[in-house]
Amino acid sequence: MVLALLVGGVVVALVVVGLFVFGLRRRLIQRSGGTFDCSLRWDPPPSESDPSGKGWVYGVARYNGDRVEWFRVFSYAPRPRRILERASIEVLERRTPKGEEELALLSDAVVLACRHGGTRLELAMSDDALTGFLAWLEAAPPGQRVNVA
């Protein structure tokens, strides 16, 4: 009986510590400011009439100079999973989620189809975050090309 209580206490303590580390990591990512909730789908299938919700990963993006750093929410990694350089981002289209995507994304999300260095990707974010992202893209220093559709 004592062993079962001890094991149960250790499991509860590990869960609490794990949740605390998730929260601490997110605070550290957001500490410098310029962050927004952003789901990402890397190398999605070619445009479909009714896109599936597969491949979307929920994350947090952070502006850092001329790049956007994207972090997975459910990860302990201190480094960004993807780094998007401003000069390499080409916006292809903007659309609302369709079909099963509506279930995989946040309720107010707008999908932005892009190309980054030859790789297709899709970003899903709120309208406010999208406005900020497009303004950041267009605010490139003189001499850099900007591809916003």
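Residues numbered from 1 in each chain as written. Predicted model: local features only at pLDDT ≥ 70, side-chain atom pairs only at ≥ 80, totals over all residues. Heavy atoms only, no water.

Chemist: What's the story with the overall build of the protein chain in this structure? I'm lost.
Modeler: A count of helices and strands for the protein chain gives three helices and eight strands. Helices (α) and strands (β) of the protein chain occur, in sequence order from the N terminus, as α-β-β-β-β-β-β-α-β-β-α. When its C-alpha atoms are laid out on the principal axes, the protein chain stretches across 70 × 35 × 25 Å. Considering the protein chain as a whole, with its 149 residues, one finds that 33% of them fall into the buried category. Long-range pairs, those at least 24 residues apart, make up 54% of the contacts in the protein chain between residues at least 6 apart in sequence. Taken as two groups, the 19 positive and 17 negative side-chain charges of the protein chain have centres that lie 8 Å from each other. (Helix = DSSP H or I, 4+ residues; strand = E, 2+ residues; numbered from the N terminus. Buried < 20%, exposed > 50% of the residue type's maximum accessible area, 1.4 Å probe, protein only. Contact = heavy atoms within 4.5 Å. Lys, Arg positive; Asp, Glu negative; His and termini not counted. Charge placed at Lys NZ, Arg CZ, Asp CG, Glu CD.)

Chemist: Teacher, can you tell me more about the sheet that holds strand β8 (residues 119-125) here?
Modeler: Strand pairing within a sheet occurs via backbone hydrogen bonds; the two strands may be parallel or antiparallel. On the basis of which strands lie adjacent, the open sheet formed by four strands has the order β2-β8-β7-β6 and antiparallel pairing. Strands with a single pairing partner mark the edges of an open sheet, and in this sheet they are β2 (39-42) and β6 (89-95). Across the sheet, the axes of successive neighbouring strands diverge by a mean angle of 25°, strand direction being ignored. Packing against the sheet, helix α3 (residues 127-138) makes contact with β6, β7 (110-116) and β8, and its axis sits at approximately 150° to β6. (Pairing = 2+ DSSP bridges. Axes fitted to C-alpha atoms, helices over the stretch in contact; angles between N-to-C directions.)

Chemist: Is there a simple way to think about the UniProt feature "transmembrane region" (unreviewed entry) in the protein chain in this case?
Modeler: Within this numbering scheme, the UniProt entry marks residues 6-24 as carrying the feature "transmembrane region" (unreviewed entry). Secondary structure content for residues 6-24 is 100% helix and 0% strand, and the end C-alpha separation is 27 Å. (UniProt positions renumbered as here; feature names shortened; annotations may be inferred.)

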